[in-house]
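Chain residues, written in single-letter form:
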Amino acid sequence: MGTRKSQLARIQTDSVAEKLKELYPDLQLEIVAMSTIGDKILDTALSKIGEKSLFTKELENALERNEVDLVVHSLKDLPTSLPPGFTIGAVLQRENPHDAVVLHPKNAGLTLDGLPEKSVIGTSSLRRAAQLKKRFPQLEFENIRGNLNTRLRKLDEKDDYAAIILAAAGLKRMGWETRISQVLGPEDCMYAVGQGALAIEVRARDRDILEMVSILHHPDTVLRCIAERAFLKQLEGGCSVPVAVYTEMKNSVLYLTGAVYSLDGSDCLKETMQTNIELDNKVPESAEENVHVGITANNISQTALDAAERLGVVLAKILLSKGAKDILTTARQLNDAR
């Protein structure tokens, strides 16, 4: 198993290894940790590095060279189009996908609303900054990079930031839930595509490994994330543009809210759509036809997977028809010019 070197990546990979050991007691697992471009370039905003597979490329190279057989990722780090020969063989049950506010110790007990005017909030995400600038115009937003440990240290040991915004899922997996002072609901900040879900990437031709990991697929999470990824892919979004989503599965209906923002949040297009999810037993006729935005899920109804993907595509097309392309192009150009 390949993993990034960060503590969170190791914890995530260990948790998947444990699940596989429970299911397959005879399995021999070895974990190989490596550094990625995103781990090495720490002084530049992610959206400025201009590389789609920041946290995945080195791991995929090892997969290609047969040095590792499976790689555990945060799904939100995986581009919507994977390089040929790779596929996501499992998407595990999603942790809380929302963003969380972590306050500087001196602001303990406050929320974003209660912070003094012009307080500086640290976030490395254009998506978070765009939504929160719109919602909390009295606050200032500045870039902060580094893994979770580094960001928390920057917050606690200096006076640069009143608070930082991090994914609730990562904090929870690290055992730092007590630091969460506020979880941001969709009315404040919708999340990133795939946020909170872990994915296992494998070689597409390794049928036995695909079969082995597919048991870890969590159907609701898979369907929600396929809709989200299809939405992002159709918009041609990535790290360098503010795109946000919110999904829900209720009584066999999949709801997808998707939005695009200008960098300062002043321009926003947002729509919600839904589709019925029918879990029939239709199986794919060929391996190729069963890949949905990079995800292979042979053990989940084809009809349901198709419906989820279609939902994301149609919602993106609606936003594009209303001018999403212009908002995203401007955001990309402004970000590149910074």
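Just above sits the structure.
Note that the structure is predicted; figures quoted are calculated from it, not measured.

**Things to note about the nonpolar core**
No. 1: The biggest cluster of nonpolar side chains holds 49 residues, and the ones touching the most others in it are Leu-75, Ile-88, Val-222, Phe-231, Leu-235, Val-243 and Val-260.
No. 2: Listed by contribution, the elements that provide at least two residues to this core are α4 (57–64), β4 (86–91), α9 (219–235), β11 (243–250), β12 (253–261), α10 (302–321) and α11 (324–337).
No. 3: Setting aside anything within four residues of it in sequence, one finds Ile-88 in contact with Leu-75, Leu-78, Leu-82, Ala-199, Ile-200, Glu-201, Arg-229, Gly-294, Ile-295 and Thr-296.
No. 4: Grouped together as the second largest cluster of nonpolar side chains are 17 residues, Met-1, Leu-92, Ile-200 and Val-213 included.

**Topic: the sheet that holds strand β8 (residues 163–167)**
The strands that make up a sheet pair up through hydrogen bonds in the backbone, lying either parallel or antiparallel.
No. 1: With mixed pairing, the five strands of this open sheet are ordered in space as β7-β6-β8-β5-β9. At either end of the open sheet lies a strand with only one pairing partner, and these are β7 (140–142) and β9 (180–184). With strand direction ignored, the average angle separating the axes of adjacent strands in the sheet is 30°.
No. 2: Relative to β7, strand β6 (residues 120–122) runs parallel, the two being bridged by three bridges. Along β7, the bridge assignment pairs Gly-122 with Glu-142.
No. 3: Packed on one face of the sheet, helix α5 (residues 126–135) meets β5 (99–103), β7, β8 and β9 and runs near 125° to β8.

**Section: the packing of aromatic side chains**
No. 1: As enumerated under the stated definition, the model contains one aromatic pair in all.
No. 2: Directly above the aromatic system of Tyr-255 lies the positively charged group of Lys-250, at a separation of 5.5 Å from the ring centroid.

**Considerations on the sheet that holds β12**
No. 1: The strand order across the open sheet built from three strands is β11-β12-β13, with neighbouring strands paired in antiparallel fashion. Of all strands in the sheet, those bounded by a partner on one side alone are β11 and β13 (268–276). Each neighbouring strand pair of the sheet contributes to a mean axis angle of 10°, computed without reference to strand direction.
No. 2: Alignment of β12 against β13, held across nine bridges, turns out to be antiparallel. Directly across from Tyr-255, in β13, lies its bridge partner Gln-274.
No. 3: Packed onto the sheet, α9 meets β11 and β12 and runs at close to 150° relative to β11.
No. 4: Along the sheet face, α10 touches β12 and β13 and points at about 150° away from the line of β13.

**Remarks on the environment of Gln-138**
No. 1: Relative to the helices and strands, Gln-138 resides in the loop between α5 and β7.
No. 2: On the basis of relative accessible area, Gln-138 is assigned to the partly exposed category, the value being 23%.
No. 3: Separated by 125 residues in sequence, Gln-138 and Thr-13 have C-alpha atoms that sit 40 Å apart.
No. 4: Excluding residues within four positions of it along the chain, Gln-138 makes contact with Leu-112, Asp-113, Glu-117, Lys-118 and Ser-119.

Quick notes on the rules
Residues numbered from 1 in each chain as written. Predicted model: local features only at pLDDT ≥ 70, side-chain atom pairs only at ≥ 80, totals over all residues. Heavy atoms only, no water. Core = buried A, V, L, I, M, F, W, Y, C linked by side-chain atoms within 4.5 Å. Buried < 20%, exposed > 50% of the residue type's maximum accessible area, 1.4 Å probe, protein only. Helix = DSSP H or I, 4+ residues; strand = E, 2+ residues; numbered from the N terminus. Contact = heavy atoms within 4.5 Å. Pairing = 2+ DSSP bridges. Axes fitted to C-alpha atoms, helices over the stretch in contact; angles between N-to-C directions. Phe/Tyr/Trp six-rings, centres within 6.5 Å; stacked < 30°, edge-to-face > 60°. Lys NZ or Arg CZ within 6 Å of the ring centre and 35° of its normal.

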